[in-house]
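Coordinates in review
Single-letter residue listing:
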Amino acid sequence: MSGTKRVGLPHTAERAERARRLLARMTPAQKIGQMTQPERLHITPAQVRAHHIGSVLSGGGSTPGRNRPADWVAMNDAYWAASMEEDDRHLAIPILYGVDAIHGNGNVLGATIFPHNIGLGATRDADLIERIGRTTAREVLAAGVDWTFAPTLAVARDPRWGRTYESYSEDPALVTAYADRIVKGLQHSNGRGEGVAAGLAGVGPEGVVACAKHWVGDGGTAAGVDQGDTRADEDELHRLHIAPYVAAIEAGVHTVMVSLSAWNGEKCHAHRQLIQDVLKGRLGFRGFVVSDWNGVEPLARAYDDAIVMAANAGIDMFMVPESWREFIAGLTHAVERGAVPMERIDDAVERILRVKFACGLFDRPRPRVRPGSNGDCFGSREHREVAREAVRKSLVLLKHEGGVLPLDRSARILVAGRNAHDRGRQCGGFTVEWQGVSGNDRIVGGTSIWEGIRAAAPRAQLCTNGGARADTADFDAAIVVIGERPYAEGLGDIREEGPVRAGASNLPPGPGALRPYGDTLELATLHAGDLRTVRGLAARGIPVVAVLVSGRPMVVNDELAASTAFVAAWLPGSEGVGVADVLFGDHDFTGRLPFSWPREMRGANSAPGNDGRVLFPLGYGLRLGAVE
Ligand code: BGC
């Protein structure tokens, strides 16, 4: 380990020096441009050059051309070329492009889509997490992109939160154990300790810049409300929510995104103590801090005041998808009138430049000639094998009776349920579209759960009508794939009252127009058809293996009671075949619950005193080896 440090130190020092020298040449307008991150739909390459823009992002589902890697490479090449023109008004500083590759490079058609984090939590396999990071990085680079807004290090404490699936676990120890490995995987670095001690670890040639999000306490909001308020004293905040960031910073994570939520009533985007004092001070974070989508506007009535609050709180780069012109004008004015000190601007820009040097951006050629661009690895068989392994290891067996598993390949198996043959639904949110998609057409490559079963058991039959007239003379067993439809962020919240708050995140404005997913965690209420299918088949004497596709643990008492075996499959992603690998006994079930499983909705959160409401505890998961 000390060897790594000795090799790393001169490089980090040299990179920091290059950043300082470049900063010294920059005008205020060039500095403020570096701090600005518009969304691709709202900025052209010519505007990137004219306004000295430092970064551009794609919001979920915002994709160029026909949405193939080549379209992305062409887009990034144009932004890059504009950013690299040099004359007496413009400095050549390469643009850093950011995407939400949170379970593979999921915006792009044909990408390998990994299980969402909740499923990875079930695997308890940190080596696998690092390999997934490396694989994802290669598919991001294939699109000419350098930065992913991942990993999400949320410790979700209430499954009503619509982003529960982005969380590895309710257990901070598990999230912490993964934080280190996913950062190293994505950044292709092994510079342990460099992030704190010596600056920033470099990003390997096959790595991308990672972004730990959302700082901090996003998973702890009261009642699981997205962008809500996390009420906790400082000790609890550290123990539950800050701990994973310590590991990510140690691993050298280059960027951190601020949470749209609040801590004890104070918005994180304006929280100087959390950003300047804790993150950059006490934890020694040397990379840069980016705001979340429109996270600044809600801070104050006047946008200019909000900008001052956020900049002085320590935000370095501003995700201002549409309002980037107003942002530039507001921050420029704030600096001119002394409301934001020049030292704060210099600190922000130095951090941004340091990251750009540390990730090798200045040394990488233009996107269209980079070795990784348009790489054959994108959506390759080799990458899909990693995802398939993750699916296998993520499955948690919650109930098993009568030795129904493993299923016999020559058995007559009826396959039913809305999620059986739907690659979109099994991928969930943040796949091709921000809110995800339903159906098979837009998940190019991969297999639905049904397609995997069909390949394993040639006599299996898909019954789209739920097998209404099937009986035991025709079938030995049924696999019924039930669960949720895709969603993202607040639109996935379970709320007993109130619409999803508009105005921040990717939500269009318009109070009251946006409805959360539902008002209960009970699957039988949300999707009554699922229970009817399970019960209908069970009543005719066919043993039912229920497979739940969902972004969180749900109240499924009735479905459990009616089925012979019950598997939590989370949101497995594009490689549905991994489910068949385990159902037919090629591999045993090894997944263990990353969240405790509720018996009832009231008190489903992980607050102390809710143990009596837990049906299966954290860590629960049956194995066939043990029950045979
Ligand atoms: C989300 C972030 C995401 C960003 C960019 C926001 O709405 O909260 O997690 O990285 O959008 O798409």
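Quick caveat: nothing in here was measured; it's all calculated off a predicted structure.

1. A closer look at the packing of aromatic side chains
Going through the model one piece at a time under the given rule, you end up with twelve aromatic pairs. Arranged with centres 4.9 Å apart and planes meeting at 85°, the rings of Tyr-168 and Tyr-178 form a pair that is edge-to-face. Of this pair, Tyr-168 sits in the loop between β4 (147–148) and α7 (172–187) while Tyr-178 sits in helix α7, and the two are ten residues apart along the sequence. Look at Tyr-168 and you get buried, because its relative accessible area is 1%. Looking at Tyr-178, the relative accessible area reads 1%, which means it is buried. Put simply, the rings of Trp-72, Tyr-79 and Tyr-97 touch in pairs and so form one group of aromatic residues. Its guanidinium or amino end placed over the ring of Tyr-517, Arg-552 lies 5.6 Å from that ring's centre, counting from NZ or CZ.

2. Some points on helix α14 (residues 381–394)
Helix length check: α14 (14 residues) gives 20 Å between terminal C-alpha atoms against 20 Å at 1.5 Å per residue, within 8%. Taken as a whole, α14 has its buried residues at His-383, Arg-384, Val-386, Ala-387, Glu-389, Ala-390, Val-391, Arg-392 and Ser-394. Buried residues along α14 sit in contact with α5 (117–123), α6 (126–141), β12 (396–400), β17 (565–570) and α20 (577–583).

3. Re the nonpolar core
Among the nonpolar cores identified, the biggest contains 205 residues, and Trp-215, Leu-331, Leu-405, Leu-407, Ile-479 and Leu-583 are the most heavily contacted of them. Residue contributions to this core peak at eight residues, all from helix α13 (residues 342–358). In terms of domain composition, this core takes at least three residues from each of domain 1 (27–369) and domain 2 (381–616).

4. Some remarks on the sheet that holds strand β8 (residues 262–263)
An order of β6-β8-β9 is seen for the three strands of this open sheet, with the pairing classed as mixed. Of all strands in the sheet, those bounded by a partner on one side alone are β6 (229–230) and β9 (266–267). When β6 meets β8, the two strands line up parallel, connected through two bridges. Following the sheet pairing, Thr-230 is matched in β8 by Trp-263.

5. Quick look at the domain arrangement of the chain
Taken domain by domain, the chain consists of domain 1 (27–369) and domain 2 (381–616). Summed over both partners, the interface of domain 1 with domain 2 buries about 4,500 Å², with 54% contributed by carbon and sulfur atoms. Contact with domain 2 buries area across many residues of domain 1, yet Pro-159, Arg-160 and Tyr-165 alone supply 15% of it, more than any other trio. At the surface where domain 1 touches domain 2, the tally comes to four salt bridges. With a shortest N-O distance of 2.8 Å, Glu-389 and Arg-131 are connected by a salt bridge. Counting across the domain 1 and domain 2 interface gives 27 residue pairs in polar contact (both at pLDDT 80 or more). Listing elements by their share of the side of domain 1 that touches domain 2, those giving two or more residues are α5 and α6. Of the residues contributing to the side of domain 1 that touches domain 2, the split by class is 20 nonpolar, 20 polar and 15 charged.

6. Thoughts on the pattern of salt bridges
Charged atoms that come close allow side chains of opposite charge to pair. Considering all chains together, one arrives at 46 salt bridges under this definition. Among the salt bridges present, the one from Arg-163 reaches Glu-166, with a minimum N-O distance of 2.6 Å. With its nearest N and O atoms 3.7 Å apart, the salt bridge here joins Glu-489 to Arg-163. Taken together, the residues span a long stretch of sequence, with Glu-489 in the loop between β15 (477–483) and α17 (523–526) and Arg-163 in the loop between β4 and α7 at a distance of 326 residues. You can call Arg-163 buried: its relative accessible area is 5%. The network of salt bridges with shared partners includes Glu-17, Arg-20, Arg-21, Glu-350 and Arg-354.

The rules behind these values
Residues numbered from 1 in each chain as written. Predicted model: local features only at pLDDT ≥ 70, side-chain atom pairs only at ≥ 80, totals over all residues. Heavy atoms only, no water. Phe/Tyr/Trp six-rings, centres within 6.5 Å; stacked < 30°, edge-to-face > 60°. Helix = DSSP H or I, 4+ residues; strand = E, 2+ residues; numbered from the N terminus. Buried < 20%, exposed > 50% of the residue type's maximum accessible area, 1.4 Å probe, protein only. Lys NZ or Arg CZ within 6 Å of the ring centre and 35° of its normal. Expected span 1.5 Å × (residues − 1). Contact = heavy atoms within 4.5 Å. Core = buried A, V, L, I, M, F, W, Y, C linked by side-chain atoms within 4.5 Å. Domains from an automatic or database assignment. Pairing = 2+ DSSP bridges. Buried area = accessible area lost by both parts, 1.4 Å probe. Salt bridge = Lys/Arg side-chain N within 4 Å of Asp/Glu carboxyl O. Polar contact = N/O pair within 3.5 Å; in protein donor to acceptor, adjacent residues only side chain to side chain. Nonpolar A, V, L, I, M, F, W, Y, C, P; charged D, E, K, R; others polar.

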